[in-house]
Structures are given as structure tokens and as C-alpha cells.
Amino acid sequence: MENQEKPHKRRVRYSGTHPRNYKEKYKELQPEKYADTIEKVIRKGGTPAGMHISIMVKEILDFLEIQPGQTGLDATLGYGGHTQEMLKCLKSQGHIYALDVDPIESAKTRERLEKLGFGEDILTVRLLNFANIDQVAKEAGKFDFVLADLGVSSMQIDNPDRGFSYKVDGPLDLRMNPEKGISAAERLKDIDREELVGMLIENSDEPYAEEIADEVRVCQRSGREIVTTTDLKQVIEKALEFLPASERREAVKKSCQRTFQALRIDVNSEFEVLYEFLEKLPDVLTPGGRAAILTFHSGEDRLVKKSFKQLYKEGVYSDISKDVIRPSREECIRNSRARSTKLRWVIRS
């Protein structure tokens, strides 16, 4: 039987001279075919759709001092940019284990790295939460270096189907692994006012937590469900109507960012996961092993700083970064998503 040719699928049409919606950006979503387009977007300080630009790569590699033959762990694989650079340092000798809870993006990253020559002989990818680093260490032995980048990948933020951003309409999901747990929409369905206020303050220092929680309560009582990113944005807009018109737009933008962050942290149990990771980290490092962690908001950074200082005082770590390390001004200009990044590091005794 002759192979039937697949019918040609026309690309998504868009109005105007430039695509605006995620799925219309067909060039950015095919970096292997349109390298010149990707370069232009990055040069202008943007992040191409479906991609993620790794942050503070040089600073991380300078600290980790990776040598051929070592065994390392990338606890948060994401797009694989950091992993790729660390693999290069091994010069085909040694091994890196990489973890990610996102089944959608981790499969794409594994395939991408394999095409670049980093196959199973040097890279093992596990669909696993980074709180479970002890499980990986049972298989791999202790690690000479560990990296954890706690940021949300741009691929997740930009894809409206994942519901990570208030800027585009999509289902209010916010789960790193959409196959597990409950979505942010389901979380808001039954949450009581006081718990929501506490979540918004603890997870994102939201100054209008009470006003937003009151408006969510109004929706619950009237039977109006908050199921999309736009629904939640409109709730926040309504909650902040009391502000002067000259302040309102910027306030709504900031409160949307903080509210989405707070919900994301909650539905993914991010603080609990980080706490567990920090507790287990010393036991998976070799003597002299190095670990670097990138954080993106104050709650995360406080947890990392406290853990590192306490274990350094106890003699578990021989050295820690005395001050937080920030990305260079040049990097922040090239990649606006780097601005909130903080790097801290430790060395195992």
C-alpha cells in the first residue's frame, strides 16, 4: 500500500504586519527554521515565543567550575539552556541528571538536546519534582554540582493554554504539571476570604489582598465563576476601582502580577517543595560539591538565604555567598525577565 502524503496545513493567518497571538508566531515557534527571526527578537530584548533565555549563565558556570568526568544535577530542566552549557563543560565525560515536573516541555527539551548530541549516555531526564532529589541520588550517587532555577519558563508564561499570564486570555490553570493537582480556577472556587487574604500576602506581599479577596467572595456568592485569566484580571480591576484613575492602571498591572504569582505558588506548593529541596540538598552533594540557586521573588530568596546561613553556621557548608548576586545591567537590557533574579551559592564541607 502506497504511503499517502499528508495534506499541506496552512499556517495560521493574522491581521496586520506582525503576528500578535502566541499560535500566530509560527516563525518564533520554529527556531530551527527561522534563526534570523529568533536573533532579531532577542536583539530587541524580547523572548521568542516557545523559547526561554537562560539567565546568569556565565556567573553560574564560573561558580560551579564544572570539570570533565563529574556528575551533576539540573534540578529544574525547563528549556534546557543551563543544562546545555553545563553539558558542554563536561566535554563528553561525566553525566548530568535533569528533573522537571512539566511533561509537555520536558519532552520537547529532551528531544532538542538529543539533536544537539546530548543523548542518554551523558544526560538523563526524569519527570520528577526537584523536592525528590534524594531519589535521584540513590540512582546516580552524590553530585559534584547542582543547579536549581526557580523561575517559570517563558514557554509556560507565553502559552495561553497554560494560564500563567493575565496578558492573554486562557484557562486559569497555573499548574506546572497540568495532569496533577487542581487548577487555580478550582482553587478559587471554594477558598474562604481569610485564606485567600493570607495567601496573597504571604506569597506575593499583595497590598490590596483584602479588596481582591472581597471581590472574589462577591463572585462566589453570585455564582459567577472565575475560570479564565481574563475573568481574574476583571475581578482585580473591579476590586481596585476605588483608586484614583491616574494610579489605577499601574496598580492593576502590579496586582495582577502578584495575584497570579501567589496562586501559582499555592497550586504548585512551591514553598513546601523548596523547603524540602533545601533540607535534602546537603545529603546529595559530594564533599566540596557546589550548588547554585536562582530565585525570582522575595519569599523564595528568604527561604534560601535562611537555609544556607543556618547550615553554614552548623558547619554543613564550608562557604556560602555572602551577598546576593544580581544579573548585569547589560543582561537585564537584553532580557527584561532577568531583572528580578537573585543568585545564591554554597559549597559542601
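Okay, so let's go over this structure. (Residues numbered from 1 in each chain as written. Predicted model: local features only at pLDDT ≥ 70, side-chain atom pairs only at ≥ 80, totals over all residues. Heavy atoms only, no water.)

## Points about the overall build of the protein
Item 1. When helices and strands are tallied, the protein shows 14 helices and seven strands.
Item 2. Looking at the 349 residues of the protein, the share that counts as buried comes to 50%.
Item 3. For the protein, restricting intrachain contacts to residue pairs at least 6 apart in sequence, the fraction spanning at least 24 positions comes to 70%.
Item 4. Only carbon and sulfur atoms are counted for the fraction: they give 47% of the accessible area of the protein, which is about 18600 Å². (Helix = DSSP H or I, 4+ residues; strand = E, 2+ residues; numbered from the N terminus. Buried < 20%, exposed > 50% of the residue type's maximum accessible area, 1.4 Å probe, protein only. Contact = heavy atoms within 4.5 Å. Areas by Shrake-Rupley, 256 points an atom, 1.4 Å probe, with all protein chains shown as cover.)

## Description of the side chain of Thr-76
Item 1. You can see Thr-76 is positioned in the loop between strand S1 (71–74) and helix H3 (81–90).
Item 2. Here Asp-149 takes part through its backbone nitrogen, which lies 2.7 Å from a polar atom of the side chain of Thr-76. (Polar contact = N/O pair within 3.5 Å; in protein donor to acceptor, adjacent residues only side chain to side chain.)

## Section: the environment of Ile-191
Item 1. Looking at the element boundaries, Ile-191 is found in the loop between helix H7 (184–190) and helix H8 (193–204).
Item 2. Sequence separation between Ile-191 and Ala-213 is 22 residues; the distance between their C-alpha atoms is 9.5 Å.
Item 3. Once residues lying within four places of it in the same chain are set aside, the contact partners of Ile-191 are Leu-196, Met-199 and Gln-220.

## Considering the nonpolar core
Item 1. In this structure, Leu-172, Leu-174, Leu-188, Leu-196, Ile-226 and Leu-232 are the most contacted members of the largest nonpolar core, which totals 33 residues.
Item 2. Contributions of two or more residues to this core are made by H7, H8, helix H9 (209–222), helix H10 (229–239) and helix H11 (245–267).
Item 3. Here this core takes seven residues from H11, the largest share from any one element.
Item 4. By size, the runner-up hydrophobic cluster in this structure holds 29 residues, among which are Leu-274, Ile-293, Ile-320 and Val-346. (Core = buried A, V, L, I, M, F, W, Y, C linked by side-chain atoms within 4.5 Å.)

## Side note on H9
Item 1. Between its first and last C-alpha, H9 extends 20 Å over 14 residues, near the 20 Å set by a 1.5 Å rise per residue.
Item 2. Next to the buried residues of H9 lie H7, H8, H10 and H11.
Item 3. Following H9 by one or two positions, Gly-223 has its phi on the positive side, about 80°. (Expected span 1.5 Å × (residues − 1).)

## Here we look at the environment of Arg-258
Item 1. As for its position among the elements, Arg-258 is in helix H11.
Item 2. When the C-alpha positions of Arg-258 and Ala-209 are compared, they lie 9.8 Å apart, and in sequence the two are 49 residues distant.
Item 3. Discounting chain neighbours no more than four positions away, the residues touching Arg-258 are Ser-204, Asp-205, Glu-206 and Pro-207.
Item 4. In this structure the side chain of Arg-258 is engaged in a polar contact, spanning 2.8 Å, whose partner is the side chain of Glu-206.

## Quick notes on the side chain of Glu-331
Item 1. You can see Glu-331 is positioned in helix H14 (residues 329–334).
Item 2. Here Glu-331 occupies a buried position and makes no salt bridge, while the nearest side chain of opposite charge, Arg-334, is found at 5.0 Å.
Item 3. When neighbours within four sequence positions are excluded, Glu-331 is seen to be in contact with Ser-54, Ile-55, Met-56, Glu-59 and Ala-338. (Lys, Arg positive; Asp, Glu negative; His and termini not counted. Salt bridge = Lys/Arg side-chain N within 4 Å of Asp/Glu carboxyl O.)

## A look at the packing of H8 against H11
Item 1. Two elements in contact, H8 and H11, have axes whose closest approach is 8 Å; the angle formed by their N-to-C orientations is 95°. Between H8 and H11, the interaxial angle falls into the category roughly perpendicular. Contacts between H8 and H11 pair Met-199, Leu-200, Asn-203 and Ser-204 from the former with Arg-258, Thr-259, Gln-261, Ala-262, Leu-263, Ile-265 and Asp-266 from the latter.
Item 2. Along the lines of polarity and charge, the residues of the contact of H8 with H11 split into five nonpolar, four polar and two charged. (Axes fitted to C-alpha atoms, helices over the stretch in contact; angles between N-to-C directions. Parallel < 35°, antiparallel > 145°, perpendicular 65-115°, else oblique. Nonpolar A, V, L, I, M, F, W, Y, C, P; charged D, E, K, R; others polar.)

## Structural notes on the sheet that holds strand S4 (residues 143–149)
Item 1. An order of S3-S2-S1-S4-S5-S7-S6 is seen for the seven strands of this open sheet, with the pairing classed as mixed. Among the strands making up the open sheet, the edge pair consists of strand S3 (123–127) and strand S6 (317–320). Taken pair by pair, the neighbouring strands of this sheet meet at an average axis angle of 15°, ignoring direction.
Item 2. Two elements, S4 and strand S5 (residues 285–295), share six bridges in a ladder whose sense is parallel. Looking at the pairing, Asp-149 lines up with Leu-294 of S5.
Item 3. Strands in contact with helix H5 (residues 133–140) are S1, strand S2 (95–100), S3 and S4; relative to S2, the strand with the most contacts, it is inclined by about 155°. (Pairing = 2+ DSSP bridges.)

## Some thoughts on the pairing of S3
Item 1. In this structure, S2 lies alongside S3, joined through five bridges in parallel fashion. Residue pairing across strands places Ala-98 opposite Val-125, the latter belonging to S3.
Item 2. Assessed by its sense of winding, the connection that carries the chain from S2 through helix H4 (residues 103–115) to S3 is right-handed. (Right-handed = clockwise from strand over helix to strand, strands pointing away.)

## As for the packing of aromatic side chains
Item 1. The final tally for this structure, using the stated rule, is six aromatic pairs.
Item 2. Considering the side-chain rings of Phe-130 and Phe-277, the 4.9 Å spacing of their centres and the 55° angle between planes classify their relative orientation as tilted. Linking Phe-130 in the loop between S3 and H5 with Phe-277 in helix H12 (residues 270–284), this pair joins segments that are 147 residues apart in sequence. For the pair Phe-130 and Phe-277, a shared accessibility class is recorded, and that class is buried.
Item 3. Residues Phe-308 and Tyr-317 carry aromatic rings whose centres are separated by 5.8 Å and whose planes lie at 75° to one another, so their mutual orientation is edge-to-face. There is no split in this pair, since Phe-308 and Tyr-317 are both buried.
Item 4. When the ring centre of Tyr-79 is taken as reference, the NZ or CZ atom of Arg-112 above it lies at 3.7 Å. (Phe/Tyr/Trp six-rings, centres within 6.5 Å; stacked < 30°, edge-to-face > 60°. Lys NZ or Arg CZ within 6 Å of the ring centre and 35° of its normal.)

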